[in-house]
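Each chain, letter by letter, is given below.
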Amino acid sequence: GLGFNIVGGTDQQYIANDSSIYVSRIKKDGAAYLDGRLQEGDKIVAINGKDLKDLRHKDAVELFRNAGCLVSLKIQRRLQPQNGPVGHRGDGESGGLPLAAILVPGLALAATAVWILLRYRQRM
């Protein structure tokens, strides 16, 4: 998976009078955790260009499950002001969350580590 859980939707509002989709949990050592840009509480506006507005929770979950290998998210960062309610900033453009940018270098690093280990063992 993508390494995070979502809440919200028209049928399961996370915030009263707001049917948006929010990140409820980042799974440790998952893709989103390793990337480091997504945060719990972030509002997900779109996935791979598909707007998440006015979707039921299960329909949003289905979009995430079928997102493919390269995923781009448009988010709005949730800020905690020192005094006052929780808010959002700007248009929330995150630049996307390309998971291939994590997975490809990670796999290359793992392959290199295995190669080094095997070479080291051959010399012993």
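Predicted, not measured: the structure shown is a model, and the values here were computed from it.

Conventions and cut-offs
- Residues numbered from 1 in each chain as written.
- Predicted model: local features only at pLDDT ≥ 70, side-chain atom pairs only at ≥ 80, totals over all residues.
- Heavy atoms only, no water.
- pLDDT = per-residue confidence, 0-100.
- Contact = heavy atoms within 4.5 Å.
- Buried < 20%, exposed > 50% of the residue type's maximum accessible area, 1.4 Å probe, protein only.
- Helix = DSSP H or I, 4+ residues; strand = E, 2+ residues; numbered from the N terminus.
- Arc of directions from axis to C-beta.
- Salt bridge = Lys/Arg side-chain N within 4 Å of Asp/Glu carboxyl O.
- Core = buried A, V, L, I, M, F, W, Y, C linked by side-chain atoms within 4.5 Å.
- Lys, Arg positive; Asp, Glu negative; His and termini not counted.
- Polar contact = N/O pair within 3.5 Å; in protein donor to acceptor, adjacent residues only side chain to side chain.
- Phe/Tyr/Trp six-rings, centres within 6.5 Å; stacked < 30°, edge-to-face > 60°.
- Pairing = 2+ DSSP bridges.

1. Notes on the confidence of the model for the chain
- Taken residue by residue, the chain gives an average pLDDT of 81. The fraction at 70 or more is 72%.
- In this model residues 87-94 is a low-confidence stretch, pLDDT under 50, and it forms 24 contacts with partners more than four residues away in sequence or in other chains.

2. Looking at helix H2 (residues 57-65)
- Every buried residue of H2 is listed here: His57, Ala60, Val61 and Phe64. For H2, the buried positions fall inside an angular range of 100 degrees around the axis, keeping them on one side.

3. Overview of the pattern of salt bridges
- Inspection of the entire model under this criterion finds three salt bridges.
- Between Arg37 and Asp35 there is a salt bridge, and its shortest N-O distance comes to 2.9 Å.
- Residue Asp42 is joined to Arg77 by a salt bridge in which the shortest nitrogen-to-oxygen separation is 2.8 Å. Of this pair, Asp42 sits in the loop between helix H1 (31-35) and strand E3 (43-47) while Arg77 sits in the loop between strand E5 (73-76) and strand E6 (78-79), and the two are 35 residues apart along the sequence.
- Among the residues examined, Asp42 registers a relative accessible area of 0% and is labelled buried.
- Given the relative accessible area of 17%, Arg77 is considered buried.

4. Looking at the nonpolar core
- Counting residues in each nonpolar core, the largest one holds 19 residues, and the members touching the most others are Phe4, Ile6, Leu38, Ile44, Phe64 and Leu73.
- Every element with two or more residues in this core is listed here: strand E1 (4-8), strand E2 (21-26), E3, H2 and E5.

5. Here we look at the environment of His57
- Here His57 is to be found in helix H2.
- Owing to a relative accessible area of 15%, His57 belongs among the buried residues under this scheme.

6. Notes on the side chain of Asp18
- Relative to the elements of secondary structure, Asp18 occurs in the loop between E1 and E2.
- For the buried residue Asp18, which engages in no salt bridge, the nearest side chain bearing the opposite charge is Lys43, 4.8 Å off.
- In terms of polar contacts, Asp18 uses its side chain to reach the side chain of Tyr22, at 2.4 Å.

7. Regarding the packing of aromatic side chains
- Applying the stated criterion across every chain yields a total of two aromatic pairs.
- Each ring, one from Phe4 and one from Phe64, has its centre 5.7 Å from the other, and the planes form 90 degrees; the classification is edge-to-face. In this pair, Phe4 is assigned in strand E1 and Phe64 in helix H2, connecting sequence segments 60 residues apart. Across the pair, exposure class does not vary: Phe4 and Phe64 are buried alike.
- Relative to Tyr22, the ring of Tyr14 lies with its centre 5.5 Å away and its plane at 45 degrees, an arrangement referred to as tilted.

8. Topic: unusual backbone geometry
- A positive phi is found at Asn17, a non-glycine position, where the angle reads about 60 degrees.
- On the secondary structure map, Asn17 appears in the loop between E1 and E2.

9. A word on the pairing of E3
- Counting buried residues along E3, four of its five residues qualify, which places the element largely inside the surrounding structure.
- Inspection of the sheet shows E2 paired to E3 by two bridges, in the antiparallel sense. Residue pairing across strands places Tyr22 opposite Lys43, the latter belonging to E3.
- Of the pairings in the sheet, the one linking E3 to E5 comprises four bridges and is antiparallel in character. From the neighbouring strand, Ile47 faces E5, where its bridge partner is Leu73.
- Bridging between E3 and strand E4 (residues 50-51) involves two bridges; their strand directions are antiparallel. Across the sheet, residue Ile47 finds its bridge partner in E4, namely Lys50.

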